[in-house]
Structure formats: structure tokens, C-alpha cells
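# Residue-level structure breakdown
Residue-level listing of the chains:
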Amino acid sequence: MAKYTELAQDILAHVGGKENVSSVKHCVTRLRFHLKDESKADTDYLQKRDGVVTVVKAGGQYQVVIGNHVPDVYDEVLKVGGLADGGSLDIDEGDGQKGSLFDRFIDVISSLFQPFLGPLAAAGILKGITALLAATGMEATNGIYVVMNTLGDGLFQYLPMILAVTAAKKFKMNTYTALAIAGAMVYPGLAESVAEASKVFGLTLTLPAGGYFNSVLPIILAIFVASKIEQFMRKVTPDVVKMFVVPFVTILITVPLTFFVVGPVANTASSWIGVAFQAVYDFSPIIYGFALGALWQVLVMFGLHWGLVPLAIMDMAQNGSSIILTAAVLPCFTQTGVLAAIWLKTKEPKVKQGAMPALISSIFGVTEPAIYGYTLPMKTPFIVSCLVSGFVGIYLSIFNVTGYAMGGMGIFLYPAYIDPATGSFHSVIHLAIGTVIAIVASFIIMMLLKVPTLYTTVDSPVDGQATPAAPAPEAKTVSASVKDETVKSPVTGQVVALADVEDKVFSSGAMGKGIAVEPAIGEITAPADAEVKILFPTKHAIGLVTEDGTELLIHIGMNTVELEGNHFTAYINQGDKVKAGQKLISFDTEAIRAEGYSLLTPVIVTNSNDYSDIQTTQSKEVTAQDDLIEVVK
């Protein structure tokens, strides 16, 4: 433990000192600080410091990524800083977070929308396909059209029900009480019923046509209000009747309050937000398009895009279309262009090898491998990508390119821009032209510039002399303690490339090379004869060292640390010796997914640098104990 004392002291000193720390906790890979003043932290120093993988700042958290030994470093941070033990869980932003109001706003928004972004994108693609069918002449009464329209529109129709679940989790209230409130808000014939009921009180109350179907802000505010009522009732209600009295009173007060106060206020605010964005757009599409296009990738890096995504969803739900995010939909293709140039021009084998998979990912809208692996560290390609994205944003804004659904990313984006009412391809055509501009312009500009080096230094040529050869890369030191090994899959499921994992710390390879599996069965087995080096109290992650020296991290799901061990059962203890195929952990897949968590499970070789090569399976599906990873000494 003492060997981490110096690292802990250095980290504390460079986050602004212990007096700058409001709180600190940790998950499986990183220390999660809440700092009083982030400007006091020396991020450049920490990113370069041995023992620190990288630094991530998002939603008010200052995350120092350590690796498998983060629990030891965390203990030393508490000890040398004299800080209170916050436990090994992610900080709950709802409990006294000291960040700015803006940070708290970003955190709330991301917590509400992030869990269902995948299904939201899928539903948007389906709506786009439905619009394409209508544009080709298919009648709305056609059975295929009816089915496709239902598939795509179902999520948007009952969006308040989904938001009720995520809002209940964020605002800490009973999920089923929240669903009861949402159910009342989307009850058939609601608008007419409320209008009649309001006359009893001498009022004239008009709800949106169709009630609160497709709405966003009313349900969020309703559940926030309901959570406060529920919390109060829990305190004052005797335990013997608490089970039914608390939800009874919460629903009884919240639903009428929503119909008469919260809903109208939220709808008015929604309208104002849409009007405000439209006003800026109308004032100058050029300024709007360039600013949003150029800054979008930076906003995403810092998690600040969450301030805009829900506004676009809200605008889409209320008006059936939106221009709010149009200028920000093509930066993935500017990454494609600069990466193509990097791949052609670089003299570094390691860059050439990794740039192509990152390029392919960018075509599908996944830019983290490109940004964090290549363009951002090189700086120049990232700047080119942002600037070209700004000018593409201008083009899209000038031609009033409009989205009609929250569609997918990358090449899956286009169907969402077909006008379902008229079948017009106006927006799709200009989106396609914008895509070509994004790729070609960023490629040409990057081809005209020098590609920075990441791993080697090339001396400048002397006048009249040939360019000297670049120094040979330093031979990689392979640890004598490791051997070639085939690592078996610890879980049955669908194989997913590590670059496609949503957590950038995993997808960027910062923790090491590996692969991920979407579990079909809730059971983790030992991938080899090994020792359990780390077993988190939350049982969502386990670190193993095999008898041949391979260090493995198996991380069950994304952000599942927040479940505090619920739905997980461990059958081993830290320090145990296990045999290949032995059951280590079981987990309830349905319960975890029902709470809004992804179960995508990265399997990482954390000592990847000890090997000359790490190869992963090419199979699309694996069964537990199938070959998954080959480590080559």
C-alpha cells in the first residue's frame, strides 16, 4: 500500500490540494473527484504522470483514471489527505453535489436521456425508413407501412413513460409510482376529460392536442415535484401504512397539480425554448451553423452537449421536426476525412495500423477512437476537423436542412431527414452533399499539412541533403514473466469491438487492449486458471492474474457501480485461486437492464504493454470458454 503514497500525494497536490476537494470516491478504474475549483487542477501534469492513465472531466466530475490498483491509490488519497471515506461507489449527484448549477443541469439531463439513447436512435431510424416508404408511394393503410410506423413511433408516443423511469431513478422516488403518474398523463382522451373537469372549478384549461403524448419537459417536472411530495410523505407516514399511503398521496397530489400547473408551465417553457433557438437561427443561419458545427466535438468531449440534445428531442416531439442539432450531425465525417489523410501520410506503423479501424468507426458515427487515439493528441487534425465541421454547419443551415426524427449516427442518419408529410428528399440531398464536403475538404486540407508524429520524432532535413531516416522505434520490452496464452471468454453473448464501447476510457484503449461481450446469460466464469486480485464490493468488476501472467479486468456493464451490488452475486473472494470455467459472479440481466443500465462487458488485458501483440476473436458470438483473446509474447 505504501508504494502508492507518493502517487496519492502527487495527485492531491495537482488537483489543487486537499482543501480543493469537496469529495472523492472511486469506481473500478478511476478516482472521481468533485473539486471546488477545477481551474486549480493541473491536468497537463497529471495526464503525463506515471501511474495515471488519463484525466476525464465531465458533468462536474474530475476523473483521474488509474487502472486496476485504484482501490489502493484511493485508500492512500484518503490517508494522506485526511479525507472522509466516501465509499467505492460513484458519487450520487443528487446528494449535495457542490458543482455549479450548470454542472448539475448537465448531470441531470445526461442521467435522464443517456440510458435510452440507443433505443431512441433505433426508433428514429425506423421512423426514417417509414418516411422513405411513404416517399416511394406506399399508402398509409398498407400493412407494412402500419407495422413500420408503429415500430418507429411507439417510443416517441410514450416518451413520458420512459422518462418517468429515468427521472424516478435520478430524483430518488419509487419507479412504479412515477409510472402511474406518467400513465395518467398519456391516458386516452385526456385533453377532453381535463377540459370538462376544469369547468367544475370555473376554469378553462386546454391541454396540448392529444394530451402529453410525445412530450418531454412536463413529465420531468412532474416527477421532480412528485419526488419531493413522496420524500415528505415517507417522513410523516407511520410505517404500518407507508406502503400504500405514500404512493396514494403522491399520485393524488401530483397528477392534478401537473394538469393545472406543472404541465402548462412546462409546455409554455418548451415553446419559448423552440422560439428562442429559431430566432437565433433566423437571425443568422451562418453564425448559428458555424458555431454549433465547429464546437460540437468539443462540447461532446466535455459532456456539455447534453444541454442541447434534450432540447432537440423536445422540439421534435412538440413540432414533428427540428433544426436545433442539424449543424452538428456531420462532424463524424470530418474525422473520417482527416483520418484517411493520416493513414495515407503517416510513417508510423502503429498509427497506420490503428487509424483504419478508427476511420471505419467514424463512418458509423463513433468518433471516440479517432478523437482520443489520434486527432486530438496530434492537435492539428482535430482543429481541421472542427473548422471544416463549422463550414459544413453553415451549408446545412443555409439550406434549412431539417430533421424529422432522432435518428442514428453516421451513415444511419439520412432516413431521419426525409419529410414524412410530403416525402421530400430536400434535406437528405443537402445532408449527402454536406457529407461529401465534410470528408473531401477535411481530407484535402490534412493532405496539404504535415501529419504530426505520435510515437517517433523525425528530424527536419538540412538544405541540400536528403531527409534523414527517422530513428528506429525503440524495441518493445516484453516482460519475462509472461507467456503466450489463449484467454477464454468469461461470458456467453454477442461480441462487440472495444472501440464501440460507450465509455471512452475503455474504447480508447487507455486501460489496455481487449474486447467486449453483450451478455446473453448472467454468469461470469474464470477465463483461465488465475488468482482473484481485485473483487469490488459492488461485485460489478473483477481483476484476475492468470498463471501465465496475463492481467485481466472484467467489467460487467456500464456505470453498474451505481447499483451498489444489487442484482450481483459473487461466489469467490479476493485472493482466491480459481480454475478455468469456475463460476465467479452471477447477475440478474433483466433487473439490471430494467433499471436502465447497459450490460456490455469489456474484457481488458491491462498489462497489454507486456506483450508484442493482442489478438481478439473474429467471431460475432461466443459461448463461455470459447477462445476470446490471444496474447503473444
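For the structure itself, consult the block above.
So, here is what we can say about the structure in this document. (Residues numbered from 1 in each chain as written. Predicted model: local features only at pLDDT ≥ 70, side-chain atom pairs only at ≥ 80, totals over all residues. Heavy atoms only, no water.)

Turning our attention to the overall build of the protein. Scanning the protein for helices and strands turns up 20 helices and 18 strands. Looking at the protein alone, contacts between residues at least 24 apart form 73% of all its contacts between residues at least 6 apart. With an accessible surface of roughly 28800 Å², the protein has 60% of that area assigned to carbon and sulfur atoms. (Helix = DSSP H or I, 4+ residues; strand = E, 2+ residues; numbered from the N terminus. Contact = heavy atoms within 4.5 Å. Areas by Shrake-Rupley, 256 points an atom, 1.4 Å probe, with all protein chains shown as cover.)

Attention shifts here to unusual backbone geometry. For Lys 379, which is not glycine, the phi dihedral falls at a positive 70 degrees. Assignment of secondary structure puts Lys 379 in the loop between helix H16 (368–378) and helix H17 (380–398). The exposure class of Lys 379 is exposed, given its relative accessible area of 58%. Phi is positive for Asn 559, which is not a glycine, with a value near 60 degrees. Within the secondary structure, Asn 559 is located in the loop between strand E11 (551–555) and strand E12 (568–570). (Buried < 20%, exposed > 50% of the residue type's maximum accessible area, 1.4 Å probe, protein only.)

The strand order E13-E9-E10-E11-E15-E7-E6-E17 describes an open sheet built from eight strands, whose pairing is antiparallel. In this open sheet, the two edge strands, each paired with only one partner strand, are strand E13 (577–578) and strand E17 (621–622). Pairing analysis gives five bridges linking strand E7 (residues 513–519) to strand E15 (residues 601–605), with the strands arranged antiparallel. Across the sheet, residue Lys 513 finds its bridge partner in E15, namely Val 605. (Pairing = 2+ DSSP bridges.)

With that settled, consider helix H8 (residues 175–185). Those residues of H8 that fall on the buried side of the exposure criterion are Thr 177, Ala 178, Ile 181, Ala 182 and Met 185. The arc that holds the buried residues of H8, viewed along the axis, is 140 degrees, so those residues lie on one side. (Arc of directions from axis to C-beta.)

Turning our attention to the sheet that holds strand E14 (residues 583–587). Whenever strands of a sheet pair, they do so through backbone hydrogen bonds, lying parallel or antiparallel. Across the sheet, three strands lie side by side as E8-E14-E12; this open sheet has antiparallel pairing. Looking along the sheet, the strands with just one partner apiece sit at the ends: strand E8 (523–525) and E12. Within the sheet, the average angular offset between the axes of one strand and its neighbour, ignoring direction, is 15 degrees. (Axes fitted to C-alpha atoms, helices over the stretch in contact; angles between N-to-C directions.)

Within strand E2 (residues 30–35), six of the six residues are buried, which leaves it mostly tucked inside the rest of the structure. Here E2 shows two buried faces, one formed by Arg 30, Arg 32 and His 34 and the other by Leu 31, Phe 33 and Leu 35. Across five bridges, strand E1 (residues 21–26) lies against E2 in antiparallel orientation. Residue pairing across strands places Lys 25 opposite Arg 32, the latter belonging to E2.

Inspection of every chain in the model, using the stated rule, returns five aromatic pairs. Ring centres of Phe 171 and Phe 224 lie 5.4 Å apart, and the angle between their planes is 75 degrees; on these two criteria the pair is classed as edge-to-face. Of the two residues, Phe 171 is situated in helix H7 (residues 159–171) and Phe 224 in helix H10 (residues 217–236); the sequence distance between them amounts to 53 residues. Accessibility expressed as a relative area gives 14% for Phe 171, which makes it buried. When the centroid spacing of 6.1 Å and the interplanar angle of 35 degrees are considered together, the rings of Phe 568 and Phe 587 count as tilted. Placement of the pair is Phe 568 in strand E12 and Phe 587 in strand E14, with a sequence separation of 19 residues. Relative accessible area serves as the criterion here: at 6%, Phe 587 is assigned to the buried category. Positioned over the ring face of Trp 343 is Lys 352, at 4.9 Å from the centre of the ring. Over the aromatic face of Tyr 571 sits the side chain of Lys 583, whose NZ or CZ is 4.4 Å from the ring centroid. (Phe/Tyr/Trp six-rings, centres within 6.5 Å; stacked < 30°, edge-to-face > 60°. Lys NZ or Arg CZ within 6 Å of the ring centre and 35° of its normal.)

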